[in-house]
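Notes for the structure review
Chain by chain, the residues run as shown.
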Amino acid sequence: MAARNKTGFFFDEKCFWHAGGNYALTLPVGDLVQPLAAGGLPESPETKRRLKNLMDVTGLTADLEVRSAPGATTEMLARVHPGDFLGKFKSVSDAGGGEIGLRTPFGKGGYEIAALSAGLASEAVRAVAAGELQNAYALSRPPGHHCLPDWPNGFCLLANIAVAIEAAQAQGLAQRVAVLDWDVHHGNGTEAIYYERSDVLTISLHQEKNYPLDTGDAADRGKGAGLGTNINVPLPPGAGHNSYLHAMQQIVLPALHSFKPDLIIVACGFDAAAFGPLSRMLATADTFRQMTKQVMAAAETLCEGKLVLVHEGGYSEAYVPFCGHAVIEELAGSDIRAEDPMAASLEIRQPNARVEAFFATLIDEMAATFASPPG
């Protein structure tokens, strides 16, 4: 229990070795789509590696309990994913790699790297839920929140957070878990896995009609036993810093307090940040810092501060490291800072007062709907 007040940081160099296929942004190369000089999907190792490098250079890493973890076992994965899917994934991986979903290419050994990514998330959740660590950040790669039980998509090969939740519940470490997803894309995989369950609250704060195009509507509230435990907050493009914080205050925090979880997990994507190639949301490093402060305060009130952030998207190699550093500074209560070099410029680029008022009205209307019983 000596590490109880420490922040855990879970990473493994092997996760940076996950290899994508021959894409240009999200388009398969061929016909009129030329290969890029750097090649591959936006989900590259560089945003994550550069975050870790920045932490090492500033000294933030030394303030953390740095750990790796074994890969998630077949038993752990099978609580979420059917055996035939896992078998096919492993077979293709062993044969040299390929693609078995939508925009989810992998190379030889891709199965083991994806299992390691899920293992990092699972061990972070276990250590926090067991009281070994106060909170934790898992630098998981490949990401997981788009992965359905039997179909990977959106760069996600295994459902990292769901695997971690099921492991913690199987060990009796948590019963009620809340998942807050602030990746810019709708967390359709996590939603699908828990859509009919009442023991896991899923909240997705995302850009409206970005990805996937057919999920993420505010009217989707869950089904059966899960009715009311699924909350989607689709925000229009350009919402910006204040709109994110308003949505947190009006929708996310009340939902967490109403649900009363034993543990809170954040699907922590940084792709809502300005300069992200797959979004138009104008969030800043301080946006993520302030949301982290808010969810930490909620966790302190609701579940003894038990909070785990699991890395998802974020594709600006230059800017994501500053967003991640800000979040981990807050988690660790560290005085070490990596000042946002774009802060002044991004403050000028935020929506004007009239536009922010419009966004606030939309958020308040959704909040009023969520305050009423679904159905």
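The structure we're discussing is the one just above.
In this report, the structure presented in the accompanying data block is examined. (Residues numbered from 1 in each chain as written. Predicted model: local features only at pLDDT ≥ 70, side-chain atom pairs only at ≥ 80, totals over all residues. Heavy atoms only, no water.)

The next thing to look at is the pairing of strand 7 (residues 135-138). Where burial is concerned, the two faces of strand 7 agree: the one with Asn135 and Tyr137 and the one with Ala136 and Ala138 are both buried. Pairing of strand 7 with strand 12 (residues 307-311) involves 4 bridges; the strand directions are parallel. Residue Asn135 lies in a different strand from strand 12, and its bridge partner there is Leu307. (Buried < 20%, exposed > 50% of the residue type's maximum accessible area, 1.4 Å probe, protein only. Helix = DSSP H or I, 4+ residues; strand = E, 2+ residues; numbered from the N terminus. Pairing = 2+ DSSP bridges.)

A few words now on the packing of aromatic side chains. Scanning the entire structure with this criterion turns up 11 aromatic pairs. Centre to centre, the rings of Phe155 and Tyr315 are 5.7 Å apart; their planes meet at 85 degrees, and the pair counts as edge-to-face. Separated by 160 residues along the polypeptide, Phe155 in the loop between strand 7 and helix 5 (160-170) and Tyr315 in the loop between strand 12 and helix 9 (320-332) bring together distant segments of the chain. Comparing Phe155 with Tyr315, the two get one shared label, buried. Taking 5.5 Å as the distance between ring centres and 80 degrees as the angle between the ring planes, the aromatic pair formed by Phe275 and Tyr319 counts as edge-to-face. Of this pair, Phe275 sits in the loop between strand 11 (263-268) and helix 8 (285-303) while Tyr319 sits in the loop between strand 12 and helix 9, placing them 44 residues apart in sequence. In textbook terms, an aromatic cluster arises when at least three aromatic residues are bridged by ring pairs, as seen for Phe9, Phe11, Phe16 and Tyr137. Across from the ring centre of Phe259, 3.9 Å away, lies the NZ or CZ of Arg176, which sits over that ring. (Phe/Tyr/Trp six-rings, centres within 6.5 Å; stacked < 30°, edge-to-face > 60°. Lys NZ or Arg CZ within 6 Å of the ring centre and 35° of its normal.)

In this section: the nonpolar core. Within the largest apolar cluster, 62 residues are counted, with the highest numbers of intra-cluster contacts made by Tyr137, Val233, Leu235, Leu256, Phe288 and Leu309. The element that contributes the greatest number of residues to this core is helix 7 (residues 240-259), accounting for 10 residues. Excluding its chain neighbours within four sequence positions, the residues that come into contact with Leu256 are Ala178, Leu201, Ile203, Pro261, Ile264, Val295, Ala298 and Leu302. Ala114, Leu157, Val163 and Ile165 belong to the second largest nonpolar core, which has 49 residues in total. (Core = buried A, V, L, I, M, F, W, Y, C linked by side-chain atoms within 4.5 Å. Contact = heavy atoms within 4.5 Å.)

Shape is all these values report; function is a separate question.
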